[in-house]
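Examination of the molecular architecture
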Amino acid sequence: MSIHSAQPLKKRDLISVRRALLSLSNKEGLKELCAFLTQYGCELVATSSTYKAIKELGFLCVSVDSITQFPEVLGGRVKTLHPKIFGGILCRESLDSDRQDMQTQDIKPFDIVVCNLYPFQNALAKGASPEDLIENIDIGGVSLLRAAAKNHAFVSVLCDVSDYEYFKENVSKNNGQTTISLRKELAVKALRETAAYDEIISSTLEKSLEIENNLLSKIGPIRSENIKSIDSFPENLSLSLVKQQSLRYGENPHQKASFYRIADSNLKEVCTLSHLKCFHGKELSYNNVLDIEHAIKLISEFKENYSAVILKHNTPCGVGVSLHSIAEAYERAFESDPVSPFGGIVCINSEVTLDLAKKLSETFLEVVIAPHFTEDSLALLQKKKNLRLVTFNPELPLANKTIFTHVQGGFLAQSANNIVIDWNKITYPTLIKPTDDILKALTLGMTVVKHVRSNAIVLANQYQSLSVAGGFTNRVDAVEQCLKKVRLPLENAVLASDAFFPFPDSIEMIKESGVKYIIQPGGSVQDYEVIKACDKYGISMVFTGCRHFKH
């Protein structure tokens with residue numbers, strides 16, 4: 001990620017490029033950088049492998065150990081940690097006392113530090129052993145970056161090859177000098193780099209070293225698992241994010257957007273959006289990514305049979321299950337609301353067959369998400385050039401155990417809602433009890449309503465959603481809209497509510513529709529009146545004791 005352009009500053013904020021320290025694991029762009037610096041008479045000082053590379057490129061260079069008069073030791077673990085190196089980085093040439101120390105100790109100042117860190121992330125991605133990971137933890141490099149960033153009033157720090165060109169442009173524009181604006185930007189980026197580096201190392205080693213929870217409790221509140229599965233709420237928490245891709249725009253064309261992934265490459269055993277493969281169609285948009293997130297969360301609730309969900313604007317508009325085929329599951333999801341899927345996304349938990357592909361092709365869809373596609377289904381679907389085809393693994397558990405929501409100036413955090421129905425809390429308060437088939441329908445209805453914006457009402461049978469209504473400010477309106485949208489017969493239909501009915505008025509409307517089965521959390525002070533109304537109209541009601549608000 002390149003830094004932003006600097007603002008012009010006063011001449012007193014300019015510092016000449018006189019002496020540079022280089023310590024690089026990634027030597028890309030080194031030749032061009034050395035050529036640029038030497039044309040301004042900048043002295044090059046480097047650690048062993050970088051020194052060798054610079055000499056082979058034909059440039060004059062001074063080795064670090066010739067300055068420290070101390071060889072690299074412990075297999076290269078100690079190279080730069082010496083007062084003549086860090087004194088040269090941290091010295092404040094504007095202070096008489098610092099200048100006196102430098103003269104007494106024969107320390108020369110550095111104006112530039114160019115350093116990238118040991119590739120811990122690469123080693124992690126390649127499945128390195130804990131021992132190899134330990135050896136890929138940079139010590140001196142992190143210290144160099146932090147020291148240079150701390151002293152940005154006098155030192156420029158480069159930690160990213162992609163910033164070399166911008167740095168050269170700034171120096172060229174200012175006749176061989178750096179601006180304070182540039183140095184500040186570079187310093188902030190270096191500190192972010194070290195913070196992200198420390199975060200991924202600590203989260204990885206926390207798992208690989210198998211630290212026990214009882215030990216963690218003795219040394220203070222930190223996460224009990226890797227960053228991918230934060231399941232506690234410590235006093236301090238760092239989330240390290242890496243930009244995975246730029247998006248065309250945000251929710252609307254005038255908004256900019258990007259997708260960032262958690263800076264942990266070792267997330268192969270969980271389902272993450274960063275691992276999804278979009279192999280056909282246009283690039284995923286911001287809205288696509290959000291819809292995919294909600295679709296995968298909903299489809300993950302269905303562990304058996306063939307299941308299909310259709311979403312639009314983060315809201316389910318159809319859900320279907322089948323014992324026989326995925327095409328039948330999709331058809332059931334579609335037929336309850338054949339209008340809303342236009343421009344929506346479809347997510348299924350089994351392979352896309354040619355039969356299903358034919359049905360999908362009948363509607364304009366933005367995205368189809370599935371574990372696999374048969375060759376003949378791909379041949380048909382890929383005729384739609386803009387249709388995004390995405391694969392995922394429905395067998396993997398979802399990554400997020402904690403959900404973060406960005407608010408002004410901070411974040412809200414809560415544990416993930418991983419319950420649909422807790423059967424130990426189920427009660428049957430009405431005179432009429434549900435049958436086994438009705439219980440299947442009640443379960444499907446409550447599964448869907450959990451993923452609908454509150455206030456939410458869902459009508460369903462044991463095979464499909466029949467109508468979905470959400471985002472209402474009162475439950476009566478939600479019930480009324482859900483009943484009004486019904487297109488299919490309500491025989492053996494059930495009604496699911498994400499929260500309790502505060503009054504019997506909704507029961508009056510439900511009675512008129514002919515629906516005889518309700519599932520809801522219960523817990524209202526008016527529960528007795530609601531139960532009495534159900535008994536009066538011959539309606540069976542189940543209390544789950546578990547609310548599913550979704551804001």
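Just above, that's the structure.
All of these numbers come straight from a predicted model, not from anything done at the bench. Every chain begins its residue count from 1, and numbering advances along the sequence as written. Per-residue local features of the predicted model are confined to residues with pLDDT of at least 70, and side-chain atom pairs are confined, for both listing and counting, to 80 or more; whole-chain, interface and lining totals are unaffected and use all residues. As a convention, hydrogens and water are excluded, and side-chain values are obtained from all of the structure's heavy atoms.

**Side note on unusual backbone geometry**
For the bond from S454 to N455, the omega torsion is -10°, close enough to zero to count as cis. The residue N455 is located in the loop between α16 (436–449) and β18 (457–460) in this model. Even without being glycine, N175 reaches a positive phi, approximately 55°. Each helix is a run of H or I in the DSSP string that is no shorter than four residues. Each strand is a run of E no shorter than two, and both are numbered from the N terminus. Take N175: it is sitting in the loop between α9 (164–173) and β7 (177–178). Its relative accessible area of 67% is what places N175 among the exposed residues. For H313, which is not glycine, the phi torsion reads 55° and is therefore positive. Considering the arrangement of structural elements, one finds H313 in the loop between β11 (306–312) and β12 (315–322). The buried label goes to any residue with under 20% of its type's maximum accessible area, the exposed label to any with over 50%, and the partly exposed label to all in between, with areas taken from a 1.4 Å probe on protein chains only.

**Overview of the sheet that holds strand β3 (residues 43–46)**
In space, the five strands of this open sheet follow the order β4-β3-β2-β5-β6, with parallel pairing throughout. The open sheet has two edge strands, β4 (62–63) and β6 (156–158), and neither has a second partner. At least two DSSP bridges between two strands are required for those strands to pair. Sheet analysis places strand β5 (residues 112–115) next to β6, joined by three bridges and oriented parallel. Looking across to β6, one finds that V114 is bridged to L158.

**Structural notes on the side chain of S285**
You can see S285 is positioned in the loop between β10 (277–280) and α12 (286–299). What makes S285 buried here is its relative accessible area of 9%.

**Here we look at the pairing of β11**
Of all the seven residues making up β11, five are buried; the element is thus mostly covered by neighbouring parts of the structure. Alignment of β11 against β12, held across seven bridges, turns out to be antiparallel. When the bridges of β12 are listed, I310 appears paired with G318. Note: β11 against strand β13 (residues 344–348), four bridges, orientation antiparallel. Bridge pairing in β13 links A308 to I348.

**A look at the pattern of salt bridges**
By definition, a salt bridge exists where a carboxyl oxygen of Asp or Glu is found within 4 Å of a side-chain nitrogen of Lys or Arg. The full count for this structure, using the stated rule, is 13 salt bridges. Across the salt bridge formed by R388 and E366, the nearest N and O atoms sit 2.5 Å from each other. On the criterion of sequence distance, the pair formed by R388 in strand β15 (residues 388–391) and E366 in strand β14 (residues 365–370) is long-range, its members being 22 residues apart. Members of the salt-bridge network, linked through shared partners, are D160, D163 and K189.

**Examining helix α8 (residues 140–150)**
By the criterion of burial, α8 is predominantly enclosed, with eight of the eleven residues buried. Along α8, the residues classified as buried are G140, G141, V142, L144, L145, A147, A148 and A149.

**With respect to helix α18 (residues 505–513)**
Among the residues of α18, S506, I507 and I510 are the ones counted as buried. Seen along its axis, α18 keeps its buried residues to an arc of 95°; they face one direction. Here, two residues are considered to be in contact whenever any of their heavy atoms come within 4.5 Å of each other. Against α17 (475–484), β20 (494–497), β21 (517–520) and α19 (527–537) lie the buried residues of α18. Of the residues trailing α18, G514 is marked for its positive phi of about 95°. By construction, the arc corresponds to the directions joining the helix axis to the C-beta atoms.

**Describing the packing of aromatic side chains**
Each aromatic ring pair is specified by the distance between its two centres and by the angle formed by the two planes. Classification of ring pairs uses Phe, Tyr and Trp, with its six-membered ring standing for Trp, and accepts pairs whose centres are within 6.5 Å; under 30 degrees between planes counts as stacked, over 60 as edge-to-face, and the remaining range as tilted. Tallying each qualifying case throughout the model produces four aromatic pairs. Ring geometry for F279 and F373: centres 5.6 Å apart, planes at 75°, overall edge-to-face. Here F373 lies in the loop between β14 and α15 (375–381) and F279 lies in strand β10, a separation of 94 residues in the sequence. For F279, a relative accessible area of 36% gives the class partly exposed. A ring is scored as having a charge over it whenever the NZ atom of a lysine or the CZ atom of an arginine sits within 6 Å of its centre and within 35 degrees of its normal. Over the ring of F110 we find R19, and its NZ or CZ is 4.2 Å from the ring centre.

**Observations regarding the sheet that holds β21**
On the basis of which strands lie adjacent, the open sheet formed by five strands has the order β19-β18-β20-β21-β22 and mixed pairing. Both edges of this open sheet fall to β19 (465–469) and β22 (540–543), since each of them pairs with a single strand only. Across the sheet, the mean angle separating the axes of adjacent strands is 15° when strand polarity is ignored. For β18 and β20, the ladder comprises four bridges, and the chain directions are antiparallel. By the bridge assignment for β20, A460 is matched with V494. The axes used here are C-alpha line fits, helices contributing only the stretch in contact, and every angle between their N-to-C directions lies in the interval 0 to 180 degrees. Running at roughly 30° to β18, α17 makes contact with β18, β19 and β20 of the sheet. Relative to β22, α19 is tilted by about 150°, and along the sheet it contacts β21 and β22.

Remember that the coordinates give geometry; whether it matters functionally is a separate question.
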